[in-house]
Each structure stands twice: as C-alpha cells, then as structure tokens.
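An overview of the molecular structure
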Amino acid sequence: MDKKKIEELVKVAKKYVWTSLSDYADIEKELKIFVKGEGCYLTDIHGKRYLDTFASLLTTICGHHRPEIARAVQEQMEKLEFFPSYHDCYTVPVIRLAEKLASLAPGDLSVSFFVNDGSEACESAIKMARQYFWQKGEPSRYKIIGRRYSYHGATLGALSATGLPDFAEPFQPLLSPGFSHAMSTWCYHCELGLEPSSCNLACLKNMEQVILGEKLETVAAVIVDPIPGSNIGYPVPPDGYLQGLRALCDNYGIFLIFDEIQVGFGKTGKFFCCENWKVVPDFLCLAKGFSGGYLPMGVVIAKSEIADEFRRAGKDFRHGFTFSGNPTVAAAVLANIEIIEKERLVEKAATIGKFLKERLKGLYKYPIVGDIRGMGTLWAIELVANKKSKVPLNPKLKVGTYIRDHCWKNGMILRNNGDILVIAPALIITKSEVDEMIRLMEQAIQDAIKHFNL
Ligand SMILES: Cc1ncc(COP(=O)(O)O)c(C=O)c1O
C-alpha cells in the first residue's frame, strides 16, 4: 500500500476507532495496522512480519489462516448464517458442538450454555449459581467469592468478581455487597511471606476463612482461574490447592466455578486446565482459544445435575444474549476442535511446552530475571531489581515496556504487564520459532540491562 494511503488510514483510525484499553501514548508513537496472518506470524500494513508470542490475545491457538475453518464458516453461512439459540429453538452446529463438548469435558460437565465472549461466560456462570439457589428457596445465598489478582471480565458482575483494583477503580462502586476476595496462589509474592514447601496451603485456609467470614448460608459460589492469568503471569497453584478447594466447596455446599477462558483449551498440555489436578468444577467457563480466534464465542459448561435442576423445576434461566449460540460461530468452533484433534495439538503443547521451559530457564543468567513460571505454552518472566530479596524494578523506568518495544521493533509481538513479560503462543509453534522467540527476547533483555545500567 502506498505511503499516502497508509497515512490517510492512520488519520481515520485515530479519529474514529476507539480501541479497548487504549494507550494513547503508544498510539501517538506508532499505531499498528495488521493486514495478514499466517500460522504464528502477522504482517502489518508496511509489510513487516511479526512472530506473535501471545496468539492474538490468547485466541489463535491453531494459528492464523486455517482454510478448514474458513470453509466451515462459509458452508454454514450459505446454509443458515444465524438463528438464535433461545426458547425451544436450536440449530444443527450448536447441537453438534454441545455434544462434542460433553464428550471432551471432564466428569459430568455436559450441558453447554453458549455466549459470545469470556466476560459473558463468567457473568452467566455467576447468574446460574445465584438463580439456582433462588429457585431452591435460598435467595439469601447469593455471594460470590473470587480471588485477588484474578481477572474474570469487563461486565459489572464479572468485574466485581475480579480482584484487580486497577480495572475496577473507574467503575466503583461495583456490585457490592455480594462479592469478596480471598488470597491468590501467587507463591512468588505470597501475601503471608510463606514458602510453598512449608506453607501448608495457607491460601486454601484463607479461602475457607473468607467463606465463613461471609456467613456460609449467604455464599453461592467460589470463582477461580485455576492458573491465574497474564496479569500476574501464570503462577501455577501449589499441588493440593485446587483439590482442597473442591473438597471445601463440597463440604460447604457451594458451587465451584472455574474460569479457564485464558488457560483452557490445550494450552497447559491438557484439553482443560483442571485436568492437570483431576478436579472437576460445577461450571467451566471457556472463550478465547475456544473459537481459535476466528469468531467470538464463549461457553459455560455445567454439570448435568445442575442443568437438570433447572429443567426439573420447569424454570427457564432468566438470562441470555441475542447472539448466544450462533450457528456460524459454532461451525467455526467445531472446525477448530477438529484441527486440535487431527493435529494432536494438546499433546504438542505439552511437548513444545517442555522445550519452551528449558529454553526460557536459560534467561535466569540475567541479573534482572527473578522468576520464570508457567505450564505448557503459558509462561511468564518476572523482572526484578534484586533476585534474592525480590525487590521490584523501579516502575518509573518501565523496563518491561522497553523490552516489549524492543521486541516489536525487531519483529516480535511480546506482551508485558509492567515488569512481567508473558508469552502464550499458538499451540502450533515450532522449535525453531521458539528459538527465534528466545533469541529476540534475550537481545531485548541484554539491551535493557545496558540501557538502564541494571
Ligand atoms: C481469565 C479471564 N476471564 C475472563 C476474561 C474475559 O474475556 P473477554 O475479554 O472475552 O470478555 C478474560 C479476558 O482476558 C480472561 O483472561
């Protein structure tokens, strides 16, 4: 595209498009317009290629440009582009997708409520839990317990369950009372200053205290992301925590909601993240990679006994969205799952994850690399000023952002949350692409050390 046309597009973009979580300083510096995707690579309007280490915001797990998905979408569009899933109306791809999910999901998670994204999935699971108790004659059981540092979405309910104050600050007061937060499983920064080897799962004890502190008879559900997401860089929970949480919820008659929107669908080397600990929640929320990034869709998969409770009572779930259960999107999701199975991408994620882990561990040689953590294809590198004391870098220096920009300049999309660098590439990433990723990241870290004299 010629220079003049690009300049005109940039002007129009700045004037008329409001991107989410816009960083106007970055937009002013240089906004990026992408025009093409192929596998793990994207091409911008200037023809520059980028290795995408964050799978287009954790979505394109099978890579870009999969003709199988495009074909499935076109075929469905030509038959019936859309009819909603509501009342007594179904469409064939939605039925087949729900059947497929029932066969994949662990335990008796088998009834799917389709939505359009992750926020809607968490919002829906929260409302399912609340309505369940309301129709059982326990309307005072409405509280939801989340955890600090977890993100569950942008809608007010999901945001109220979120434990990241920065996201909530402009929208206070949130939906309160009704939401409380327990400790996270961020062991590197344990709130109690304990070590995983000797803490006796103090975070689980804390969850129990929060539940009891709210008065048991008022609590409907606990919502957690089994591995907290990119905001704090994938701290894998200590073994026993999720099993203990399941036992706790069972013991107290509370629902357990797992938000696997970011960490589910193959990324941990299992189809569902919870399978790593053999724990089955009552509601499982999926989105992002669930549709391979092709079209928007999320889902709440509920245990059959819970869905049956609604059916038995002849009560409708008084909640839904016009575009819930879009047949064209369902066809795309089915094609995405077919690729994952045919190319054995879950097993591949486990194998490439081990390789990635080994290559990443090499970065410990740098004085600012404090912690490297993750699982499967989900990894984070936390930068610090002092490895031993874990003293953070001066946030005003913006070292993480400097490293991110260095990578972008050199043809690699890297995500940072302050001084935590996060990577979550497509499951199809190859060993040579991993090598390229590490090479560019290492260059950027070396440059930052020199630049800031660290
Ligand atoms: C763990 C988790 N839950 C929920 C959401 C919300 O999903 P969406 O942005 O699709 O609404 C996200 C999005 O980043 C997420 O990472």
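Residues numbered from 1 in each chain as written. Predicted model: local features only at pLDDT ≥ 70, side-chain atom pairs only at ≥ 80, totals over all residues.

Right, let's talk about helix α1 (residues 3-16) for a bit. For α1, spanning 14 residues, the distance from its first C-alpha to its last is 20 Å, which sits close to the expected 20 Å at 1.5 Å a residue. Little of α1 is tucked away: zero of the 14 residues are buried. (Helix = DSSP H or I, 4+ residues; strand = E, 2+ residues; numbered from the N terminus. Expected span 1.5 Å × (residues − 1). Buried ≥ 20, exposed ≤ 12 C-beta atoms within 10 Å, placed from the backbone.)

Buried within helix α14 (residues 399-409) we find V399, G400, I403, R404, H406 and C407. Buried residues of α14 fall within an arc of 160° about the axis and therefore sit on the same side. Buried-residue contacts for α14 involve β12 (378-386), β14 (412-413), β15 (415-417), β16 (420-423) and α15 (431-452). Following α14 by one or two positions, G411 has its phi on the positive side, about 85°. (Arc of directions from axis to C-beta. Contact = placed C-beta atoms within 7 Å.)

As a further point, take the environment of H87. Relative to the helices and strands, H87 resides in the loop between α4 (67-79) and α5 (92-104). By C-beta crowding, H87 is classed as exposed, having 8 other C-beta atoms within 10 Å. The spacing of H87 and E382 is 295 residues in sequence and 48 Å in space, taken between C-alpha atoms.

In the vicinity of the ligand there are 14 residues, among which D117, G118, S119, I261 and Q262 approach most closely. The element contributing the most residues to the shell around the ligand is helix α6 (residues 118-135), with three residues. Looking at the shell around the ligand residue by residue, the classes come out as five nonpolar, six polar and three charged. (Near = placed C-beta within 6 Å. Nonpolar A, V, L, I, M, F, W, Y, C, P; charged D, E, K, R; others polar.)

This paragraph deals with the sheet that holds β14. Pairing is mixed in the open sheet, where four strands are placed in the order β1-β2-β3-β14. Of all the strands in the sheet, just β1 (34-38) and β14 have a single pairing partner and so form its edges. In terms of strand pairing, β1 meets strand β2 (residues 41-44) through four bridges, oriented antiparallel. Opposite G37, over in β2, you have L42 as the bridge partner. (Pairing = 2+ DSSP bridges.)

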